[in-house]
Amino acid sequence: MPSEDAASLLRDRIADLDATSRRPDPAAEHGEHAAWEHAAWEMSAHTNTSFGRRPEELVLEPETADALVAASTLLAALDDLRPGVVRAPLDRLGQEWTAAAAWNDDTAPRNPSRVHFRDPEGRSGWRLPAFGLYTSTAHAAPPHTMWRRYLDQNAGLWRYPWYRWHLPVPPDARVAEIDSAKRWAEFVQRHHQRVDGFLYADWRSAAAEFDGIHLCFGAVVAVQSFSFRTRAGLVAPVYWDVEQTLWLRWRFGVPQLLDRVDRAP
């Protein structure tokens, strides 16, 4: 698919995020909570439109994607209300992890600890989720995360109970901030494996430089389902869906259990 057609899909995604006829005002009472819900829902809906496409059919220049996302009024409003979700830097004191089991798992992990953490060494360098741990940044009140909203919207895929933990991140943790398509393309170009002619992030390589990789929501909107040209080759599409940080090393203070969810809301 020509780049202009791929750009049209991204324009449509942003237009639906910004549609005043559907999205609530983030500044209104309870509006921020509903606006995050709208943002997560629209990303899921627009990702479905790209299923079945080959990677080479949805190619964008990183600068084109970033220019389109920079014009989003909803993302700008949410960034003003809750820094660290749409844009960098990571809120190191606002990280939460929700433990939930897939239906084919025997048990759900309940107590996050270094002992149970799986780092990428000795594993496939690019396949996920064979290792690591994912956190997402708390926002709105009571605290929620985009990852928790994703779980709520896809509750049938994970078995209850769920456990929500606060995981504080120390100041010296090395975090790669990915808040644009340009930074994502540069990151993959620096740390990649070539698979079937496409570049995929090599997490074993990245772990030598970083403890965690923060995918800001602005970057997720820009890169989801698209491929990007770099000097090293074509970056394969990714599907992060929501703001999150992939931790390649255990770099947390004392975990605190926040709540337990026994059934769908």
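Only a predicted model underlies this, so the values are computations on that prediction, with no experimental measurement involved.

*Asks:* Just checking my understanding: could you explain helix H6 (residues 181-190) for this structure?
*Replies:* Looking at H6, one finds that the buried residues are Ala 181, Trp 184, Ala 185, Phe 187 and Val 188. The buried side chains of H6 occupy one side of the element, clustering within an arc of 160° when seen end-on.

*Asks:* Would you mind showing me how to read the side chain of Arg 149 here?
*Replies:* Residue position: Arg 149 is located in helix H5 (residues 146-153). What makes Arg 149 buried here is its relative accessible area of 3%. Here the side chain of Arg 149 touches His 33 through a polar contact of 3.4 Å, landing on its backbone oxygen. When residues no more than four places from it in sequence are discounted, the contact partners of Arg 149 are His 33, Trp 36, Glu 37, His 139, Ala 140 and His 144.

*Asks:* Is there a simple way to think about the packing of aromatic side chains in this case?
*Replies:* Pairs of aromatic rings are described using the distance from one ring centre to the other and the angle between the two planes. Scanning the model with the defined rule gives twelve aromatic pairs in all. Ring plane angle 70° and centroid distance 6.0 Å describe the contact between Tyr 150 and Trp 158, whose orientation is recorded as edge-to-face. Assigned by exposure class, Tyr 150 and Trp 158 land together as buried. Their ring planes at 70° and their centres at 5.1 Å tell us that Trp 247 and Phe 252 sit as a pair that is edge-to-face. For Trp 247, a relative accessible area of 0% gives the class buried. Aromatic rings pair up to connect Trp 184, Phe 187, Trp 203, Phe 210 and Trp 240 into one cluster.

*Asks:* Would you mind showing me how to read the pairing of strand S8 (residues 212-215) here?
*Replies:* The side chains of a regular strand alternate between both faces of the sheet. Neither face of S8 is open: one carries Gly 212 and His 214, the other Ile 213 and Leu 215, and all of them are buried. In the sheet, strand S5 (residues 175-178) pairs with S8 via four bridges, with the strands oriented parallel. Its bridge partner lying in S8, Ile 178 is registered against Leu 215. Bridge count between S8 and strand S11 (residues 244-247): four bridges; the pairing is antiparallel. Note that in S11 the partner of Gly 212 across the bridge is Trp 247.

Conventions adopted
Residues numbered from 1 in each chain as written. Predicted model: local features only at pLDDT ≥ 70, side-chain atom pairs only at ≥ 80, totals over all residues. Heavy atoms only, no water. Buried < 20%, exposed > 50% of the residue type's maximum accessible area, 1.4 Å probe, protein only. Helix = DSSP H or I, 4+ residues; strand = E, 2+ residues; numbered from the N terminus. Arc of directions from axis to C-beta. Polar contact = N/O pair within 3.5 Å; in protein donor to acceptor, adjacent residues only side chain to side chain. Contact = heavy atoms within 4.5 Å. Phe/Tyr/Trp six-rings, centres within 6.5 Å; stacked < 30°, edge-to-face > 60°. Pairing = 2+ DSSP bridges.

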